[in-house]
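The lines below spell out each chain.
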Amino acid sequence: MATRIRLQRRGRKGYAFYSIVIADARAPRDGRFIEKIGTYNPNTNPAAVDLNFERALHWVLVGAQPTDTVRNLLSREGVYMKKHLLGGVAKGAFNEAEAETKFEAWKNDKQNGLKALKDKIDADKKAAAKVRLEAEKKVNEEIAAKVAEKKAAEAATKAAEEAATKAAEEAATKVAEAEEAKAEEAKVAEEAQATEETTATLPTEEAAPVEEAPKTEA
């Protein structure tokens, strides 16, 4: 029976992750499988692989054929490196202890490389977050400056309106006072004229006749 090592989709729409399974080559992609040997989650950075290394190596050694994506995953996890070293042991190039030492050295280098990659990703995230924070801070400062400018303009407009209203009220008061004073003067003038006219129309008193002294006889 031809066997394949392939991915079987899991998860929900927009967030898919996969099981790594051993299946009959004739079985549907997401159908029945012989054995599950791990999981693959491409939604993380870097992508997360949880693999049963010994079972994966067993199936590779017995001839199970992986898909291209699974081959890359198994290569990244060192399955093909271990297969290569076991081939060297079988050919007598080195013994199993040496093969294990070489594999551990490869795995340490791989882990250090992954750690360096993760550190770089974290540093890039921090730098991007800092840039984003600075940009947001700048935008907030610009907004605050515009708000302050608008408030200052509104305050100046309000002060100008209040000053204009006060000036208008003072001018109106002065006009009213002037009109009142003018009306008072006119009233006084009218009263004075009326008094003069009344005085002019009054009859003048006739002088009383002077009585003549009686004449005395000589």
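Owing to the predicted nature of the structure, the values given are computational and were not obtained by experimental measurement. (Residues numbered from 1 in each chain as written. Predicted model: local features only at pLDDT ≥ 70, side-chain atom pairs only at ≥ 80, totals over all residues. Heavy atoms only, no water.)

1. Overview of the pattern of salt bridges
Under the counting rule described, the total for this entry stands at six salt bridges. The closest approach of N and O atoms between Asp24 and Arg26, which form a salt bridge, is 3.0 Å. Exposure remark for Arg26: the relative accessible area of 70% places this residue in the exposed category. For Glu77, the salt bridge is made with Arg76, and the minimal N-O distance between the two is 3.7 Å. By relative accessible area, Glu77 is classed as partly exposed at 27%. (Salt bridge = Lys/Arg side-chain N within 4 Å of Asp/Glu carboxyl O. Buried < 20%, exposed > 50% of the residue type's maximum accessible area, 1.4 Å probe, protein only.)

2. Notes on a negative patch on the surface
Together, Glu177, Glu180, Glu184, Glu185, Glu190 and Glu191 make up a region of like negative charge exposed at the surface. Following the sequence through the fold, Glu184 ends up in helix H4 (residues 96–201). (Patch = residues over 30% accessible without salt bridge, like charges linked within 9 Å, V, L, I, M, F, W, Y side chains within 5 Å. Areas by Shrake-Rupley, 256 points an atom, 1.4 Å probe, with all protein chains shown as cover. Lys, Arg positive; Asp, Glu negative; His and termini not counted. Charge placed at Lys NZ, Arg CZ, Asp CG, Glu CD. Helix = DSSP H or I, 4+ residues; strand = E, 2+ residues; numbered from the N terminus.)

3. Thoughts on the environment of Ala163
Looking at the element boundaries, Ala163 is found in helix H4. Here the alpha-carbon distance between Ala163 and Ala183, two residues 20 residues apart in the chain, equals 30 Å.

Function cannot be inferred from these measures alone, as they are strictly geometric.
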